[in-house]
Each structure stands twice: as structure tokens, then as C-alpha cells.
Amino acid sequence: MPRTGEGRVVTTARLETFADGVFAIAATLLIIDVGLPANLHDSLGQELLQIWPQYLAYAISFATIGIIWVNHHAVLVQVGRVDRSFLFLNLGLLLSVAFIPFPTRVLAEFVRTQDDGRAAALLYGVTMMVMSVTFLSVWLYASVARGLTVPDADSQATRRITRSFLPGLPMYTAATLIALVSPKASAALFGLLALFYMVSSSFFGRREDRRFDSG
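About the thresholds
- Residues numbered from 1 in each chain as written.
- Predicted model: local features only at pLDDT ≥ 70, side-chain atom pairs only at ≥ 80, totals over all residues.
- Heavy atoms only, no water.
- 1 Å grid on protein atoms, 1.4 Å probe; cavity = no way out; pocket = protein on both sides within 12 Å on 5 of 7 lines; lining within 4 Å.
- Points joined across faces, edges and corners; volume = space filled by probe spheres on them.
- Nonpolar A, V, L, I, M, F, W, Y, C, P; charged D, E, K, R; others polar.
- Helix = DSSP H or I, 4+ residues; strand = E, 2+ residues; numbered from the N terminus.
- Axes fitted to C-alpha atoms, helices over the stretch in contact; angles between N-to-C directions.
- Left-handed = near helix turned anticlockwise from the far one by under 90°.
- Contact = heavy atoms within 4.5 Å.
- Salt bridge = Lys/Arg side-chain N within 4 Å of Asp/Glu carboxyl O.
- Buried < 20%, exposed > 50% of the residue type's maximum accessible area, 1.4 Å probe, protein only.
- Parallel < 35°, antiparallel > 145°, perpendicular 65-115°, else oblique.
- Phe/Tyr/Trp six-rings, centres within 6.5 Å; stacked < 30°, edge-to-face > 60°.
- Core = buried A, V, L, I, M, F, W, Y, C linked by side-chain atoms within 4.5 Å.

Colleague: Pulling in residues and values, what's your account of empty space enclosed by the protein?
Modeller: The probe, sized like a water molecule, is rolled over the atoms to show the empty space still left. Counted under the stated rule, the structure contains 2 cavities of 30 Å³ or more. In this model, the largest cavity occupies a volume close to 160 Å³. Lining of the largest cavity is provided by 13 residues; of these, M131, F135, F165, Y172 and Y197 occupy positions nearest its centre. Looking at the lining of the largest cavity residue by residue, the classes come out as 9 nonpolar, 4 polar and no charged. The computed volume of the second largest cavity comes to approximately 40 Å³. Taken together, L30, D33, V34, Q54, A57, Y58, T104, R105 and A108 form the lining of the second largest cavity. Mapped by element, the contributors of at least two residues to the lining of the second largest cavity are α3 (52-78) and α5 (101-110). Partitioned by chemical class, the residues of the lining of the second largest cavity number 5 nonpolar, 2 polar and 2 charged.

Colleague: Summarise the packing of α3 against helix α7 (residues 155-165); cite the residues concerned and give the values.
Modeller: Relative orientation of the contacting elements α3 and α7 amounts to 140 degrees, with a least axis distance of 10 Å. Of the two elements, α3 crosses α7, and the hand of that crossing is left-handed. From α3, N71, A74, V75 and Q78 reach across to α7, where they touch A157, T158, I161 and F165. Looking at the contact of α3 with α7 residue by residue, the classes come out as 5 nonpolar, 3 polar and no charged.

Colleague: Hey, could you go over the pattern of salt bridges for me, with residue numbers and the actual values?
Modeller: The full count for this structure, using the stated rule, is 1 salt bridge. Put simply, D115 and R118 hold a salt bridge, and the shortest N to O gap is 3.2 Å. Within this pair, D115 and its partner R118 are both found in helix α6 (residues 114-145), separated by 3 residues, close to a single helical turn. Residue D115 is classed as exposed on the basis of its relative accessible area, which comes to 54%.

Colleague: Can you tell me about the environment of L107, naming the residues and giving the values?
Modeller: Along the chain, the position of L107 falls in helix α5. By relative accessible area, which is 7% here, L107 ends up buried. Considering only alpha carbons, one finds L107 and P53, 54 residues apart in sequence, at a separation of 8.1 Å. With residues near it in sequence (within four places) discarded, L107 still touches A120, A121, Y124 and A187.

Colleague: Please provide a residue-by-residue account of the packing of helix α1 (residues 13-32) against helix α4 (residues 84-99), values included.
Modeller: Running from N to C, α1 and α4 cross one another at 10 degrees; their axes reach a closest spacing of 9 Å. Accordingly, the angle class assigned to the pair α1 and α4 is roughly parallel. Across from L15, F18, A19, V22, F23 and A26 in α1, the residues of α4 making contact are F86, L87, N90, L91, L94, V97 and A98.

Colleague: Run through the packing of aromatic side chains, naming residues and quoting values.
Modeller: Applying the stated criterion across every chain yields a total of 6 aromatic pairs. The interplanar angle of 35 degrees and the centroid separation of 5.8 Å between the aromatic rings of Y58 and F62 together place this pair among those described as tilted. One end of the pair is Y58 and the other is F62, both in helix α3 and 4 residues apart, which spans about a single turn. Classification of Y58 as partly exposed rests on a relative accessible area of 26%. These aromatic residues form a ring-pair network of at least three members: Y124, Y172 and F190.

Colleague: Could you give me a rundown of the nonpolar core, with the residues and numbers involved?
Modeller: By size, the foremost hydrophobic cluster in this structure holds 45 residues, and its most contacted members are I65 and F86. Going through the elements one at a time, α1, α3, α4, α5, α6, α7, α8 (168-178) and α9 (183-201) are the ones with two or more residues in this core. Ranked by residue count, the leading element in this core is α6, at 11 residues. The residues contacting F86, other than those within four sequence positions of it, are L15, L76, V138, Y141, A142 and L148.

This is the structure:
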């Protein structure tokens, strides 16, 4: 295990294995909160239609967690080694990811009411804002502050990652503030943000694809 003058520097293998487990558990927990009420007041078909916010919240949050996982993998492709501070920053990111199922359930239950929906959308938005800050911190620490990227890191890929991460906090902040006026509009914007990152994240793995094709 290599060392530096400031302490131990380790490879990313164990970090990625642990992170994959957290992502998998968080994504799985989302479906647990999708369900019918214990006592049906209408026909089954009507009840299934009435819980549409649960389907929507599940889809948005599953896509969001999936995108974070894809981008996390893309980041670690560019990171050759990690130190103790990087590990703690990454734990902060995983903390926010593991928390996502809770605000998802709250948003699905209360988005259709104005006052409670506002609080639910704010909770979801703040969670996304924390996730965005921690993810950006992980990347900037590795790529700028400590230079933990691999020696042959793809400069174009690193610039694409940085450009994609930087708008995250302002966009999530805007979507969160809109919840003060319309919780439904805020939830819709969270869905659009998930779509945005699905498109932008497709650019992260180009170098990986070339490696796999050539390998």
C-alpha cells in the first residue's frame, strides 16, 4: 500500500465496492414505500391510479440514484488513489444517497397538499442540494485540491465532469425554492433534473467505452 508524506494513500477498489452496496440498498428501499393503503376505500383499479405520486416519486428517485451511481463510477475511473479525507468526503456523499428513500416517501404522500406538500418538496430538495454539494466536493478534492487522479487522466473527461457537476447546486436550489409556491411544479422540476443528468452523464463514460472496446 503506497504512502505519502502526509499519510496513507489507498486504491479505490474497496471504496467502490462499499459504495456499490450503499447505492444498491438505497435503490431497493425505494420500492418498499410504494404500496396500497391497508383499507381500500375504492376499487383496486381506482386505488392503483390514485397512488400515482408514489410511482412518479419512485421513478424520479430511482433514476437519480442510478445516475449518481453511474457518475460515481465515472469519477472513480479518473481517480487513481484516495486518501483519508477523500474517504470521509465520499462517506458524506453516500450518507445523502442513503437518505433519499425517506424524502421520496414523504414527497409521494404529501405532494398533492399545499402546506404539507411544500414541506415535503423542501425536504426532498434540501436532500438533493446536500447530495450535489458532497458530490462536487468529492470530485474537486480529487481532481484539484489533492491531485488524486490517475497520471493519464482524460483531460476532456475531467472537464466534462466538472461542467456537469457545477450547475447541480443552483438547479436543485431553484427547484427547491419553487416548492414555496407550488410543490407539484417543484416535483416536476426534480424529474426534469433527473432527465438532464441522464443525458449529461452519458458523456462521462466515453473513455471507459474506448478502454473496454480496445481491451
